[in-house]
Amino acid sequence: MGMTMTQKILAKHAGLEKVEAGQLIQVNLDLVLGNDITSPVAIKEFLKTGVKDVFDRSKIAIVPDHFTPNKDIQSAEQCKYVREFAYKHNIENYFEIGEMGIEHCLLPEKGLVVPGDVVIGADSHTCTYGALGAFSTGIGSTDMAAGMATGKGWFKVPGAIKFVLTGKPAKYVSGKDVILHIIGKIGVDGALYKSMEFAGDGLKHLSMDDRFSMANMAIEAGGKNGIFPVDEKTIEYVNNHSNKPYTVYTADDDAVYDEIYNINLSELRPTVAFPHLPDNTRTIDDVGDVKIDQVVIGSCTNGRLEDLRIAAELLKGKKVTKGVRVIVFPGTQKIYLDAMKEGLLEIFIEAGAIVSTPTCGPCLGGHMGILAKGERAIATTNRNFVGRMGHPESEVYLASPAVAAASAIAGKIKNPEEI
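Since we're looking at a predicted model, the values are computed, not measured.

So, how was this worked out
Here the residue numbers are simple positions, counted from 1 along each chain's written sequence. Per-residue local features of the predicted model are confined to residues with pLDDT of at least 70, and side-chain atom pairs are confined, for both listing and counting, to 80 or more; whole-chain, interface and lining totals are unaffected and use all residues. Excluded from the side-chain calculations are hydrogens and water; all other atoms, namely the structure's heavy atoms, are used. The helix and strand labels rest on DSSP assignments: H or I over at least four residues marks a helix, E over at least two residues marks a strand, and numbering proceeds from the N terminus. The buried label goes to any residue with under 20% of its type's maximum accessible area, the exposed label to any with over 50%, and the partly exposed label to all in between, with areas taken from a 1.4 Å probe on protein chains only. For the purpose of charge, His is not counted, nor are the chain termini; Lys and Arg are scored as positive and Asp and Glu as negative. By salt bridge we mean one thing: a side-chain nitrogen of Lys or Arg within 4 Å of a carboxyl oxygen of Asp or Glu. Throughout this description, a polar contact denotes any pair of N or O atoms lying within 3.5 Å of each other; where both atoms belong to protein, one of them has to be capable of donating a hydrogen while the other can accept it, and for residues adjacent in sequence the pair is counted only when both atoms sit in side chains. In this description, contact between two residues means that some pair of their heavy atoms is separated by no more than 4.5 Å. Note on method: axes are straight lines fitted to C-alpha atoms, helices fitted across the in-contact stretch only, with angles between N-to-C directions ranging 0 to 180 degrees. We call two directions roughly parallel when the angle between them is under 35 degrees, roughly antiparallel when it is over 145, roughly perpendicular when it lies between 65 and 115, and oblique otherwise. Note on convention: the crossing is left-handed when the near helix lies turned anticlockwise from the far helix by less than a right angle, right-handed when the turn is clockwise. Three residue categories are used. Nonpolar comprises Ala, Val, Leu, Ile, Met, Phe, Trp, Tyr, Cys and Pro, charged comprises Asp, Glu, Lys and Arg, and polar comprises the others, including Gly. UniProt positions are given in the numbering used here, feature names are shortened, and annotations may be inferred rather than shown by experiment. Throughout, the protein atoms alone are placed on a 1 Å grid, and a set of points is a cavity if a 1.4 Å probe fits but cannot get out or a pocket if it is open with protein on both sides within 12 Å along at least five of seven lines; lining residues have an atom within 4 Å of a point.

S.K.: Is there a simple way to think about the side chain of D30 in this case?
M.R.: The residue D30 is located in the loop between β1 (24–28) and β2 (31–35) in this model. It turns out D30 is buried and unbridged, and the closest side chain with the opposite charge, K59, is 4.7 Å from it. Engagement of the side chain of D30 in a polar contact is seen with the backbone nitrogen of V118, the distance being 2.8 Å. Once residues lying within four places of it in the same chain are set aside, the contact partners of D30 are H13, K59, G116, D117 and V118.

Okay, structure coming up:
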């Protein structure tokens, strides 16, 4: 029996010729990631080990992005603690205010992840980097501490589910709609501790931004990771962002998959996840009359330039409905600057939206967009759990930037085709 992409990457990093699903292995890590919430815990555990220094200061990335710019004294103290550790150990990839971004937008942009890497991050959406043909997965702060100390991590080799994508999606169907469709189909535990591996001719119609969005939400189906094959688009992206050497892995023809799903992209419609789980999905044709109070466009799922462009295309020359708050979060400083140069920020502001510095704030109900009791938000974020964005009696609806922008204009969840 052959191996999947994920299994080949893990075997190589474990120094083994072959691995099988369920096998426990120790692997060498290419990157260890933390943020301002998870790093303080990891640092405290790291100090308990008695290790004097990190295993490799170039293979650790720390990005304060959740409660930054600091929202209160406690978050300021946490960031100070992380900052002092980063400076003491000369962490090369520590990104302070002004150079930072939302971590899962920033690391690919900085070229820190390339095909064939093994990446762990003390943030569940570390699975984003599977878009680049890397094995990346979220871990706990204790595992982050061990990774910083030893450069190694323990894994149970995951089984895999294969998603064969065919056809070409319609204009307003993006990677976000594809992954919401998949999660709605298999459920939030449908890929529990499995590798979600994407394949098929339909991939050529998905941009890198689409793929980042899809890999990002693998965890919302319970996946250990999501991963895409490396093609011309991947290579072009990597060559434009990184000078690191990389290795391309392909799944064997006789690789074993627990399940195989065939999805025709041309049949998909814009999709919305209703409260309070990402698998509670409906197509735009079945959403009914859902009025909204807030729109969030951004996050590590949909804060990239392509996302802002499609939102601006719909908002240009129009106005946000009176009484609806629209907040746009570019994923990184570079994306912010590129959007500014293209005139996208001007379109947002003239339409009645506000534009924020990159931050995870509203996605986790941290700051910069908290919902009050009874309020509804449509967001391009990745989770809509009870109280995720504020009051436990508020509601979050997940959607693509196109649907979010259309909804901002209409004041209710709206089909972008009708704007």
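There's more to say after this.
S.K.: Mind showing me how you'd approach the packing of helix α2 (residues 39–49) against helix α5 (residues 141–150) here?
M.R.: Packed helix pairs are characterised by how far apart their axes lie and by the angle those axes make with each other. Close contact between α2 and α5 brings their axes to 8 Å; oriented N to C, the two are set at 55°. One way to sum up the angle between α2 and α5 is to call them oblique. In this structure, the crossing between α2 and α5 has a hand that is right-handed. Taken together, the residues of α5 that come into contact with α2 (itself represented by S39, V41, A42, I43, E45 and F46) are S141, T142, M144, A145, M148 and A149. Grouping the constituent residues of the contact of α2 with α5 by class yields eight nonpolar, three polar and one charged.

S.K.: Just to check I follow, could you spell out the UniProt feature "binding site: [4Fe-4S] cluster" (unreviewed entry) in the protein chain for this structure?
M.R.: Under the feature "binding site: [4Fe-4S] cluster" (unreviewed entry), the UniProt entry names C300, C360 and C363. Spatial clustering of the annotated residues is evident: they stretch over 64 residues in sequence, but the largest pairwise C-alpha distance comes to 9.2 Å. Lining residues of the largest cavity, restricted to the annotated ones just named, are C360 and C363. With respect to the helices and strands, C300 occurs in helix α9 (residues 299–302). In this view, C300 contacts I102, H104, C105, H125, N216 and N382; residues no more than four positions away in its chain are not counted. Relative to the helices and strands, C363 is located in the loop between β16 (354–355) and β17 (376–379). You can call C363 buried: its relative accessible area is 9%. With sequence-adjacent residues up to four places away left out, C363 is seen in contact with T381, N382, R388 and M389.

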